[in-house]
Amino acid sequence: GGGELHGAVEVLRRSAPALGCAFAIDSSSATLPVTLRCAKTLGIPTDLAEFALPLGATINMNGTALYEALTVIFIAQLHGVKLGIGTTIVIALTSTIAAVGAAAIPSAGLVTMLIVLQAAGLEEFSGDIGILMSVDWFLDRLRTVVNVEGDLFVASAVAAWEGKEGGGGGGGIARATRAAR
């Protein structure tokens with residue numbers, strides 16, 4: 001039931017169908033029905049799952065944010081550009097914001113990576129993104145798996161927290177989602 005705290009390995013095991021679907025389909029949004037079924041097997045209350053997972057599929061693009069930041073840093077290193085701490089912080093912040101703004105469609109991160117390159121003053125190397133296109137189809141599937149798993153981990157943790165804080169009947173978030181209906 002809701003409120004159980006599952007270990008990371010158990011969450012991964014019970015999330016396997018959603019992760020396989022995310023890898024195959026390459027879209028967090030298209031994977032959502034399978035993700036919701038996995039949430040049920042994790043004991044995440046329906047109200048919480050129906051609120052958190054669609055929201056996560058839309059704005060939780062942590063795989064994309066990590067990919068964009070690391071790739072822009074790699075491109076700078078490839079061309080011998082030394083990045084200061086300020087530029088590195090700009091890359092981290094811009095990649096996070098750009099990833100949240102990215103559409104939940106395959107390879108959207110390639111488009112938003114241009115924003116990160118420009119923010120870091122590396123727009124002269126934007127042609128390197130063309131080289132990435134040859135492997136991005138595979139990397140995007142891995143990013144999608146990371147995004148879907150992040151959604152399920154957070155929903156599972158909130159369900160456990162809500163169960164403890166709310167005396168097993170669902171805490172503030174579960175009450176708020178019921179009241180919003």
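What counts, and where the lines are drawn
- Residues numbered from 1 in each chain as written.
- Predicted model: local features only at pLDDT ≥ 70, side-chain atom pairs only at ≥ 80, totals over all residues.
- Heavy atoms only, no water.
- Helix = DSSP H or I, 4+ residues; strand = E, 2+ residues; numbered from the N terminus.
- Buried < 20%, exposed > 50% of the residue type's maximum accessible area, 1.4 Å probe, protein only.
- Contact = heavy atoms within 4.5 Å.
- Expected span 1.5 Å × (residues − 1).
- Salt bridge = Lys/Arg side-chain N within 4 Å of Asp/Glu carboxyl O.
- Disulfide = S-S within 2.5 Å.
- Core = buried A, V, L, I, M, F, W, Y, C linked by side-chain atoms within 4.5 Å.

**Quick notes on the overall build of the chain**
When helices and strands are tallied, the chain shows 8 helices and 0 strands. Walking the chain from its N terminus toward its C terminus, one meets helices and strands in the order α-α-α-α-α-α-α-α. Burial analysis of the chain (181 residues in total) assigns 41% to the buried set. A separation of at least 24 residues holds for 73% of the contacts in the chain among residues at least 6 apart in sequence.

**Looking at helix α6 (residues 108-119)**
The terminal C-alpha atoms of α6 lie 18 Å apart, and with 12 residues this matches the ideal 16 Å at 1.5 Å per residue to within 8%. Two residues or fewer past α6, glycine 121 is found with a positive phi of approximately 75°.

**Some points on the pattern of salt bridges**
Under the counting rule described, the total for this entry stands at 4 salt bridges. The salt bridge partner of arginine 13 is glutamate 10, with a shortest N-O separation of 2.7 Å. Highlighted residues: arginine 13 and glutamate 10, both in helix α1 (residues 8-25), separated by 3 residues, approximately one helical turn. Residue arginine 13 is classed as exposed on the basis of its relative accessible area of 54%. Across the pair aspartate 136 and arginine 143 runs a salt bridge whose closest N-O atoms are separated by 3.1 Å. One salt-bridge network, in which partners are shared between bridges, spans Glu10, Arg13 and Arg14.

**Here we look at the state of the cysteines**
On inspection of all chains with the given rule, the structure shows 0 disulfides. As a non-bridged cysteine, cysteine 21 has cysteine 38 as the owner of its nearest cysteine sulfur, 8.9 Å distant. Judged by its relative accessible area of 15%, cysteine 21 is buried. Accessibility expressed as a relative area gives 3% for cysteine 38, which makes it buried.

**Quick look at the nonpolar core**
Membership of the largest hydrophobic core comes to 18 residues, with the highest contact counts inside it found for Ala18, Ala39, Ile44, Leu53, Val148 and Leu152. Of all the elements in the fold, those that place two or more residues in this core are α1, α2 (28-41), α3 (46-59) and α7 (128-165). Among the elements that make up this core, the one with the highest residue count is α1 (5 residues). Setting aside residues no more than four positions away along its own chain, valine 148 makes contact with Ala18, Leu19, Ala22, Ser28, Thr31 and Thr35. Grouped together as the second largest cluster of nonpolar side chains are 16 residues, Ile75, Ile91, Ala98 and Met113 included.

**Notes on the environment of proline 54**
By the secondary structure assignment, proline 54 is in helix α3. Residue classification places proline 54 among the partly exposed residues on the basis of a relative accessible area of 26%. For the pair proline 54 and serine 28, spaced 26 residues apart in the sequence, the C-alpha separation amounts to 8.9 Å. Apart from residues no more than four positions distant in its own chain, proline 54 is found in contact with Leu32 and Ala49.

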